[in-house]
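# Descriptive analysis of the structure
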Amino acid sequence: MMSLSPGAQLGPYRIESPLGAGGMGEVYRAKDTRLNRDVAIKVLPSHLSDSPEVKERFDREARAISQLTHPHICTLHDIGHQDGIDYLVMELLEGETLARRLEKGPLPLEQTLKIGSEIASALERAHRSGVVHRDLKPGNIMLTKTGAKLLDFGLAKSASVLEGDTSGLTVTKPLTSAGTLLGTFQYMAPEQLEGREADARTDLFAFGAVLYEMATGKRAFEGKSQASLISSIMSLQPAPISQVQPMTPPALDQLVKMCLAKDADDRIQTAHDVLLHLRWIAEGGSQAGLPAPLIAARRRSHRLWLASTLVLLAVCLGLAVLAFRRGESEPVVIRSFIPPPEGASFITVGDQAGPSVISPDGTTLAFTAAGGDGVIRLWVRPLAVATARALPGTEEASFPFWSADSRSIAFFVPEKMRKVDMTGGPPMTLCNAPAGRGGTWSRDGIILFAPDFRSPICRVPATGGSPEAVTRVDETKHTSHRWPSFCPDGRHFVYLAIAHGAAETQDNALLYFSLDGGEPQLVLNTSSNAEIASNRLLFLRENSLLAAPFDAATGRIVGEPAVIAAGVTNDSSVWRGTYSSSQNGILAFHSGQAGGGQNLVRLDRSGKELGRVGEPGEFASVRIAPDGKRVATSHVGPTTDVWVYEISRGVKTRLSFETGGSNLTPCWSPDGRSIAYGNIFLARRDVAPMLIRRPSEGGEAEELYKSKDEKWPSDWSRDGNYLLFSLGRYIGGKPCDIWVLPLTGKREPFVFLKTPFEEDDARFSPDGRWVAYTSDESGRNEVYVAPFQPPGTSSAPAGKPARAGKWQLSSAGGANPAWRFDGKEVFYIAADRKLMAIEVNGEGESIEIGSATALFTTNSPAGGEPFDVSADGQWFVVNNSTTTGSAPINLVTNWPAELKKP
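Residues numbered from 1 in each chain as written. Predicted model: local features only at pLDDT ≥ 70, side-chain atom pairs only at ≥ 80, totals over all residues. Heavy atoms only, no water.

## Side note on helix α10 (residues 271-282)
Side chains of residues three or four places apart in an α-helix project in the same direction, reflecting 3.6 residues per turn. Operational definition: What counts as a helix is a DSSP run of H or I of at least four residues, what counts as a strand is a run of E of at least two, and both are numbered from the N terminus. Expected helix span is computed as 1.5 Å times (number of residues minus one). Exposure categories follow from relative accessible area, calculated using a 1.4 Å probe and restricted to protein chains: below 20% of the type maximum is buried, above 50% is exposed, and the middle band is partly exposed. In this description, contact between two residues means that some pair of their heavy atoms is separated by no more than 4.5 Å.
Compared with an ideal rise of 1.5 Å per residue, which puts twelve residues at 16 Å, α10 spans 16 Å between its outermost C-alpha atoms and is within 8% of the ideal. Buried residues dominate α10, accounting for nine of its twelve residues. On the buried face of α10, the contacting elements are α4 (109-128), α6 (200-216), α9 (250-259), β20 (415-421) and β21 (428-433).

And the structure:
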């Protein structure tokens, strides 16, 4: 029996009628008398509130929902306690549960995909916030006129409870004890049934079961008893959806199978990947809506076309080989060039590079390029056709590499490694990879890769899972292992071992190792990657590509190397040559010098060039002095240091002298007399990263703050009292947060913004009341503004009202905000690389946002701090690339024939 009567009052909420009751509480329809809106009240009955466990679950639901704002998650309006009654106030949902709808039978395919996409989107939002639902089932999904809504987070848990301190360290505590079963049996994952800790993949198992039920009208797992049901979940596979519903797209069948994998490591890994698959199926991807027999017929047609294309290519290659055999004194080597896609530019060097890689069978090139919208994507170009195509869902791709059978491509995006099938379908996340540095894929389905810029070589199944370290980094010699390349046997491989920041590079080495373990063996000393092709080891010496006879069984060079290409780009920023070779003698490479390809350019608001600052180079950040006469920048070279340029004369002065360290992101004091910057010794973990202040005219450095975490300053408040800095930018898997360092008193840093997302590029408003910053909480970078209030201060400066909340300034992607000196405009770089100006007014209790205007398109590299604005907002200094990326890919067919020339 419901315990509250109509007319009863809970705070400002008047109970109108009961809606239902369950194990975790009673739900009522109520009226919010303050706002005159209908709401739903969930009440924890008094006979349950005495139970600490039930009370904790009720409180947990409040905490979980309070973190989540999403159109497909039931909104929490308020929480309260009155007369011993705990209650939650939520939005009132009109409709029926998915469980009630499924009583009528399966859903049409279109509805299944639509509802599935909405719930996957809601799960993605929850998981990104660190919340795992743990009781996903049709009864907890409400179907409304505005779409599906995920509700009842009573069993939800945060991925961990974080107890932070000013050092940025955290400890984690599980919310439930091992061995505790929570959830509804029909939808519980095997790890839940075994009482193990649940994570996001546990929800994806339940989601697969729900998706199966929507498509078939039947539960994925059945049993006459609890024991038989558990046995079914642990050991049996449900009948294929297509067996129950013959017109079901095979792609949907496959997706459900990936969700219902017994081992969480074999399961599809993220809700985002599930969402991409559902959207692709809904759009008819790869004839997703056709029954299997018809698809098979079309595949046969496709195979015939592919076979004819390959025959044509084989004829061309055969003619070359025949000509070679007929005239052995004049071997035939075919040289050609591949231009970038129309309107696009190759991205060949740097952290976001994707130099062209030829497939092992020599038929297709893969590379990254920035399209007309400025977005970097993965592209493929079959050699038998004249056009390239961008692969959907591969935004921000870098360093692609092929599977051994040439059917799939793996690549890196920020924080992840993914793969995409060449036959169609959206990319699939394989595992975490904070800043990937190359990979290789064996015929046995093993991927070796470097997950971070400072890591050992790891292995992961090509189906995805948790990476395992294969090599061990000996930090007395090296700091990073990267660019692995399998030998033909699929057991041995070579990789590059380098030392960051070392003054000498002679100890950088190519090593030979085995998946079976043992000790790594030196192949040669080098500072670039290597590949094994046509029984030779390919490696760079300066800008010359050499090929040496190589015994892959022993890991030894067995003959003299010979030059096979000159002028190959050697990207020293990541220790990689921009070349690739197939197993049948096709070589692809990029030409030219890496680095030195950027200019500091002064531009007006229309994009007209006003002049250049200094000489071309490679720059990581740009900051204009308060007086507008100088520019501070991090200059990337043998060492990365802070330099100050005089704008009028272009004369530069080195400011930082921390030998062996990288010195980045300089920012000026408000009086222009000092510059703060971050310092990190990448080659030594025993040297703690620090924030440094140094007179802008040169002089002794002052240590501002030191701790074990990487940190980089981003702005100095106008009153000179506070320094904004980013913490954790380069720590594997750890989001970047925004902190504040007081420059008076004890200088104890405090958090400005710490979330599960990546926040960076923080800048004070001129009056110090607001901070503009970049965050990826929406799934892509956008610019936001939030109020700034130091601890222990009043809620607002004298004469100013109190403020709360945050405001999104950009609408289609944005990063690197900068204020005009009067605080009336914010500038930022949009996703399409346009420099935007948006009017703002922060004099009141909130930010008033005006119209945004695109000023001009930049040619700056992604990342870093690519521009700064003058005090009056009338001119800019932009770090623009001096190259357009239009240089073609060099292609050499039958390159081994070069080695036979006299």
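## Description of the pairing of β21
The condition is simple: Here the rule is simple: two strands pair whenever DSSP picks up at least two bridges between them.
Extensive coverage of β21 is indicated by the burial of five of its six residues. Pairing analysis gives five bridges linking β20 to β21, with the strands arranged antiparallel. Bridge pairing in β21 links arginine 418 to threonine 429. A loop of six residues connects β20 with β21, the two strands running antiparallel in sequence, and glycine 424 in this loop sits at a positive phi of about 130°.

## Concerning the sheet that holds strand β63 (residues 889-893)
Rules: Lines fitted to C-alpha atoms define the axes, with helix axes restricted to the stretch in contact, and inter-axis angles between N-to-C directions lie between 0 and 180 degrees.
Read across the open sheet, the four strands follow the order β12-β63-β38-β37; overall the sheet is antiparallel. Edge positions in the sheet fall to β12 (334-338) and β37 (579-581), since each of these pairs with one other strand and no more. Each adjacent strand pair in this sheet contributes to an overall mean axis angle of 15°, direction not counted. Of the strand pairs in this sheet, β37 and strand β38 (residues 586-589) are connected by three bridges, and their pairing is antiparallel. Looking at the pairing, serine 581 lines up with leucine 587 of β38.

## What to know about the pairing of strand β24 (residues 458-461)
The alternating pattern of β24 places Cys458 and Val460 on a buried face and Arg459 and Pro461 on a face that is not buried. One ladder, built from four bridges, connects strand β23 (residues 446-449) with β24; its direction is antiparallel. Its bridge partner lying in β24, isoleucine 447 is registered against valine 460. The hairpin turn running from β24 into strand β25 (residues 468-469), its antiparallel successor, is six residues long, and glycine 464 in that turn takes a positive phi close to 100°.

## A word on the nonpolar core
Stated formally: Within this scheme, the nonpolar core is defined by two criteria: the residues are buried Ala, Val, Leu, Ile, Met, Phe, Trp, Tyr or Cys, and they are joined through side-chain atoms within 4.5 Å.
The biggest cluster of nonpolar side chains holds 52 residues, and the ones touching the most others in it are Ile119, Ile141, Phe207, Val274 and Leu278. At the level of secondary structure, the elements contributing two or more residues to this core comprise α3 (98-102), α4, β9 (141-144), β10 (147-150), α6, α7 (226-235), α9 and α10. Per element, the largest residue contribution to this core is ten residues, and it comes from α6. In contact with isoleucine 119, other than residues within four places in its own chain, are Leu136, Ile141, Ala148, Leu150 and Phe207.

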